[in-house]
Amino acid sequence: MSSPESLEHGAADPGAPRVVILTGVSGSGKTTALRTLEDGGYYCVDNLPIVFLEKLIELSSRTAGEVSRIAVVVDAREPQFLDQAPQIIDEVRRSGARVEVVFLDAADDALVRRYSETRRRHPLAGSGTVEAGIAAERRQLEGLRAVAQEVIDSSALTVHELRRLFHARFVGGEVARMGVTVISFGFRYGLPISADLVLDVRFLPNPYFIPELKPYSGMDPRVSAFVLGQRDAGAFLDRADELLQFLLPRYRAEGKSYLTVALGCTGGRHRSVAIAAALARRLRAGGTDVRLWHRDAERE
């Protein structure tokens, strides 16, 4: 690895191995992600104490290019080192390493369900509940989450979808493109935990109060036509699209490769669904790689 003196302050060395640090809460899909990267040719290390990160990169640089991509899992199984993680990652980056931190997360109810289905104990639960273990783990991982370039919410992803996402992002040559997830949600159910931008569409007339539209979601053509037919809906979409066209290249220039945009209404069933779908169509028409997720559309 090049010495810090040979590099511009904080600049990545183009000859250094690419390092992906996978972290996040237990049950969120870190094992699936690591196996995907391993299948894609990454040298993978599970449960690496963060204090050994610099040594691992240094050793890999002596292999004459044989190890050009590394993936490591750093999580709460080594709690004694977690407080040092942000500082160590910053120091390694300053030395020229190309390091990306990806934090996998999921809603608490999804994590509890997964533990129930597998009949596994949460590693931090001790004699307590799974919920208590999840809360303790989130506290321990706050520092790593704060320095992550990307937070991936796996709550609604199948194992196959998560594999495809990681393959496209880190293996399949699409890294230079910036992916966008557009989520519709209901404020009454809480903000999506992975949201980078949150836009509120509760200013639009609500189909909930129109008897013939209330039973249907914003995916229904009648509800969509009503919402998008509002003059303010078109003005909002124009401005949201303009904002994202301004932001996406700037986020990309700063090293961010994935953005989650959340659009919320009261229940997440009518207005936000129609607006999110329309915004996704606009972004796709402009060449952006978009994933659309209606988080609360099927709730009663």
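This one's a predicted model, so the numbers in the text were calculated from it and none came from an experiment.

> So what exactly am I meant to see when it comes to the pattern of salt bridges here?
Note on pairing: side chains with opposite charge can pair once their charged atoms come close. Following the criterion strictly, the structure yields 14 salt bridges and no others. In this structure, arginine 94 and aspartate 90 form a salt bridge, with 2.8 Å as the shortest nitrogen-oxygen distance. Pair noted here: arginine 94 and aspartate 90 are both in helix H3 (residues 85-94), with a separation of four residues, about one helical turn. Among the ionic pairs, arginine 145 bridges to aspartate 105, the shortest N-O distance being 3.4 Å. Placement of the pair is arginine 145 in helix H6 (residues 142-147) and aspartate 105 in strand S4 (residues 98-105), with a sequence separation of 40 residues.

> Even after reading the chapter, I still don't get the environment of aspartate 75, so can you show me in this structure?
Its location among the elements puts aspartate 75 in the loop between strand S3 (69-73) and H3. Along the primary structure aspartate 75 and valine 25 are separated by 50 residues, whereas in three dimensions their C-alpha atoms are 7.6 Å apart. Dropping the residues within four chain positions of it, aspartate 75 is found in contact with Thr23, Gly24, Lys30, Asn47, Leu82 and Leu141.

> Would you take a moment to explain the pairing of strand S1 (residues 18-24) for this structure?
As a general feature of sheets, a regular strand has side chains that alternate between the two faces. In terms of residue burial, S1 counts as a mostly covered element, since seven of its seven residues are buried. Residues Arg18, Val20, Leu22 and Gly24 line one face of S1 and the alternating positions Val19, Ile21 and Thr23 line the opposite face, and both faces are buried. By the bridge criterion, five bridges tie S1 to S3 in an arrangement that is parallel. Its bridge partner lying in S3, isoleucine 21 is registered against valine 72. The pairing of S1 with S4 spans seven bridges and is classified as parallel. When the sheet's bridge partners are listed, leucine 22 is paired in S4 with valine 102.

> In this structure, what is going on with the confidence of the model for the chain? I would like to understand it.
The predicted coordinates of low-pLDDT regions are not to be read in fine detail. Mean pLDDT over the chain works out to 85, with 86% of the residues at or above the 70 mark. Note on residues 1-10: pLDDT under 50 across the span, and 15 contacts to partners over four residues away in sequence or across chains.

> How should I be thinking about the sheet that holds strand S7 (residues 197-200) in this particular structure?
In sheet architecture, strand pairing relies on hydrogen bonds along the backbone and comes in two forms, parallel and antiparallel. What the four strands build is an open sheet, ordered S7-S8-S6-S9; its pairing is parallel. For this open sheet the edge positions go to S7 and strand S9 (289-294), each flanked by a neighbour on one side alone. Averaged over neighbouring strand pairs, the angle between their axes works out to 20° when direction is ignored. Looking at chain direction, strand S6 (residues 179-186) and S9 are connected through six bridges and run parallel. If you follow glycine 179 over to S9, its bridge partner there is aspartate 289. Lying over the sheet, helix H10 (residues 271-285) contacts S6, strand S8 (258-265) and S9, oriented at roughly 170° with respect to S9.

> Could you clarify how one ought to interpret the packing of aromatic side chains in this entry?
The relative placement of two aromatic rings is captured by the distance of their centres and the angle of their planes. In total, this model carries four aromatic pairs according to the counting rule given. Arranged with centres 5.6 Å apart and planes meeting at 25°, the rings of phenylalanine 166 and phenylalanine 170 form a pair that is stacked. Of the two residues, phenylalanine 166 and phenylalanine 170 both sit in helix H7 (residues 159-171), four residues apart, roughly one turn of that helix. Pair check on accessibility: phenylalanine 166 and phenylalanine 170 agree, each one buried. The ring of phenylalanine 103 has arginine 145 sitting right over it, with the charged end atom 5.4 Å from the ring centre.

> Would you explain the nonpolar core in this entry?
Counting 30 residues, the largest nonpolar core has Ile21, Leu53, Val72 and Val99 as its most contacted members. Elements with a contribution of two residues or more to this core: S1, helix H2 (53-60), S3, H3, S4 and helix H4 (108-118). Looking at which element gives the most residues to this core, the answer is H3, with four residues. Other than its neighbours up to four places away in sequence, valine 72 contacts Val20, Ile21, Leu22, Val45, Leu48 and Leu56.

> How do you make sense of the packing of helix H8 (residues 221-228) against H10 when you look at a structure like this?
Axis angle and axis distance: for two packed helices, these are the angle between their axes and the distance between the axes, and together they describe the pair. Direction vectors running N to C along H8 and H10 enclose 80°, while the axes themselves pass 9 Å from each other. When the axis of H8 is compared with that of H10, the two are roughly perpendicular. Judged by residue contacts, Ser224, Val227 and Leu228 of H8 engage Arg271, Ala274, Ile275, Ala278 and Arg281 from H10.

> I'm lost on the pairing of S6 in this one. Help?
Counting buried residues in S6 gives eight out of eight residues, a clear majority hidden from the surface. Alternating positions in S6 separate into two faces, Gly179, Thr181, Ile183 and Phe185 on one and Val180, Val182, Ser184 and Gly186 on the other, with burial throughout. Where S6 meets S8, eight bridges bridge the pair, whose relative direction is parallel. Opposite valine 180, over in S8, you have leucine 259 as the bridge partner.

> I keep staring at H10 and nothing clicks. Help me out?
End to end, H10 covers 21 Å across 15 residues, agreeing with the expected 21 Å (1.5 Å per residue, within 8%). Taking burial as the measure, the 15 residues of H10 include eleven buried ones, the bulk of the element. Turning to H10, its buried residues number three or more, namely Arg271, Ser272, Val273, Ala274, Ile275, Ala276, Ala277, Ala278, Leu279, Ala280 and Leu283. Taken from the residues just after H10, glycine 287 is the one with a positive phi, measuring 95°.

So, how was this worked out
- Residues numbered from 1 in each chain as written.
- Predicted model: local features only at pLDDT ≥ 70, side-chain atom pairs only at ≥ 80, totals over all residues.
- Heavy atoms only, no water.
- Salt bridge = Lys/Arg side-chain N within 4 Å of Asp/Glu carboxyl O.
- Helix = DSSP H or I, 4+ residues; strand = E, 2+ residues; numbered from the N terminus.
- Contact = heavy atoms within 4.5 Å.
- Buried < 20%, exposed > 50% of the residue type's maximum accessible area, 1.4 Å probe, protein only.
- Pairing = 2+ DSSP bridges.
- pLDDT = per-residue confidence, 0-100.
- Axes fitted to C-alpha atoms, helices over the stretch in contact; angles between N-to-C directions.
- Phe/Tyr/Trp six-rings, centres within 6.5 Å; stacked < 30°, edge-to-face > 60°.
- Lys NZ or Arg CZ within 6 Å of the ring centre and 35° of its normal.
- Core = buried A, V, L, I, M, F, W, Y, C linked by side-chain atoms within 4.5 Å.
- Parallel < 35°, antiparallel > 145°, perpendicular 65-115°, else oblique.
- Expected span 1.5 Å × (residues − 1).

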